[in-house]
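One-letter residues, chain by chain:
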Amino acid sequence: MMHHLLSPVLDRRLLFIERLTSLASPQPLNELARALHTNSRTLANDILVINQSWQAVEITVTGDVVSLAYRPGFNLGDIYRLLLTREPIFRLLRALIMHPGVETSELAKEATMSEASLYRHVNFFNASLFPQLGISIASNPFRLDGERPDLLLFSSIFLFKQNRMDDWPFADYPQTEVENLVSLLFDATRVSVSFSEFRMLTFYVVLSMIWAKAFGEKEPLSATPPLEEILAKGHARDVIASLPHLQETLDAVKPYEPIFSFPMTLPSLIYLFSFFFRDGFFLHYHSFLDQAVVDPKINTSF
């Protein structure tokens, strides 16, 4: 999915690494060059650059044969994380995701680029594949633009790819408590997901809270309207139908309210979890992954 945001040169170098990794054996330089639609001289220069700046791997050339070795403790995922943290377009995306609604000057500071660079990278993003998935970047003010569930899903996948399994990007939201909250809701609804999906969904829940606070949507979730008013909304009916012991669930999530500084009411649960528990979620989720050419395990492709 993120290949579309790389420059042609950087994309070629990543595809080179991916190809050597998947083949898992030394390969002739001229065949690799042909497969990547370039020439041997260009690829030889790429090898020099990769060995100098991509610390996770070492590429050796013996005669005309190229071999790749990962340094101890590293794998292809570390190459992905290197690019997702270092390249300016990805720094901008992280800033938009983690700091929604900030002023332009603050956004430029978070993305470590000039304000002029913000506009250039926004134009680049909007000329990529992502607007076809319903995701673009608006300006004045700068923000991710599209349907909220799709934006949160994209943002969660992005952060999942950018972070190691033992990293947690949300300093103000304790990881154990977030995981316990998400587990509680999935246990209550008897929904089973893989570890990758579960971790991605914990990011989704935290980002939902961050964005609700940033865009002034938190306060209306503090009060609970009459149940019949809630049931008038289709997605709310899906959530309530998924929770066989509704009051017991509400009692169980109430202690998380002071931990996250976020209301734990029925409207709040519907806001945080309705995307998961409506009938079409997993169909939509996997359709999104398919359109974006993302593997179901999320972190095994770029």
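Quick caveat: nothing in here was measured; it's all calculated off a predicted structure.

Brief notes about the pattern of salt bridges
Argument step 1. Under the counting rule described, the total for this entry stands at 8 salt bridges.
Argument step 2. Between arginine 13 and aspartate 46 there is a salt bridge; the shortest N-O distance is 2.8 Å. Taken together, the residues span a long stretch of sequence, with arginine 13 in helix 1 (residues 8-23) and aspartate 46 in helix 3 (residues 40-53) at a distance of 33 residues. A single burial state applies to arginine 13 and to aspartate 46, both of which are buried.
Argument step 3. Across the pair lysine 254 and glutamate 257 runs a salt bridge, and its minimum N-O distance is 3.0 Å.

Considerations on the sheet that holds strand 2 (residues 57-62)
Argument step 1. Ordered in space as 1-3-2, the 3 strands form an open sheet in which the pairing is antiparallel. In this open sheet, the two strands that pair with only one neighbour each are strand 1 (27-28) and strand 2.
Argument step 2. Summarising the sheet, strand 2 and strand 3 (residues 65-70) pair through 6 bridges and their orientation is antiparallel. Residue pairing across strands places isoleucine 59 opposite leucine 68, the latter belonging to strand 3.
Argument step 3. Against the sheet, helix 1 makes contact with strand 1, strand 2 and strand 3, and its axis sits at roughly 85° relative to strand 3, the strand it touches most.
Argument step 4. Contacts from helix 3 reach strand 2 and strand 3 within the one sheet, and its direction differs from that of strand 2 by about 145°.

Quick notes on helix 9 (residues 175-189)
Argument step 1. Between the first and last C-alpha of helix 9 there are 21 Å, a value that for 15 residues agrees with the 21 Å anticipated at 1.5 Å per step.
Argument step 2. Taken as a whole, helix 9 has its buried residues at Val178, Leu181, Val182, Leu185, Phe186, Ala188 and Thr189. Each buried residue of helix 9 lies within a common arc of 165° when the element is viewed along its axis, so the set occupies one face.
Argument step 3. At the exit of helix 9 stands arginine 190, carrying a positive phi of roughly 55°.

Notes on helix 10 (residues 195-214)
Argument step 1. For helix 10, which comprises 20 residues, the first-to-last C-alpha distance of 29 Å matches the rise-based estimate of 28 Å (1.5 Å per residue) to within 8%.
Argument step 2. In terms of burial, helix 10 is largely enclosed, as 17 of its 20 residues are buried.
Argument step 3. Looking at the residues trailing helix 10, positive phi occurs at glycine 216, about 70°.

Some remarks on the confidence of the model for the protein chain
Argument step 1. In this model, the protein chain carries an average pLDDT of 86, and 87% of its residues clear a pLDDT of 70 or more.
Argument step 2. In the model of the protein chain, helix 16 (residues 281-291) stands out as the element of lowest mean pLDDT, 56, in contrast to helix 5 (residues 88-98), which has the highest, 96.

Some points on the environment of asparagine 163
Argument step 1. Relative to the helices and strands, asparagine 163 resides in the loop between helix 8 (148-162) and helix 9.
Argument step 2. Expressed as a C-alpha distance, the spacing of asparagine 163 and leucine 82, which sit 81 residues apart in the sequence, is 9.9 Å.
Argument step 3. For asparagine 163, the contacting residues outside a window of four places in its chain are Arg81, Arg94, Pro169 and Arg199.
Argument step 4. Of note is the side chain of asparagine 163, whose polar atom sits 2.8 Å from the backbone oxygen of leucine 159.

The rules we used
- Residues numbered from 1 in each chain as written.
- Predicted model: local features only at pLDDT ≥ 70, side-chain atom pairs only at ≥ 80, totals over all residues.
- Heavy atoms only, no water.
- Salt bridge = Lys/Arg side-chain N within 4 Å of Asp/Glu carboxyl O.
- Helix = DSSP H or I, 4+ residues; strand = E, 2+ residues; numbered from the N terminus.
- Buried < 20%, exposed > 50% of the residue type's maximum accessible area, 1.4 Å probe, protein only.
- Pairing = 2+ DSSP bridges.
- Contact = heavy atoms within 4.5 Å.
- Axes fitted to C-alpha atoms, helices over the stretch in contact; angles between N-to-C directions.
- Expected span 1.5 Å × (residues − 1).
- Arc of directions from axis to C-beta.
- pLDDT = per-residue confidence, 0-100.
- Polar contact = N/O pair within 3.5 Å; in protein donor to acceptor, adjacent residues only side chain to side chain.

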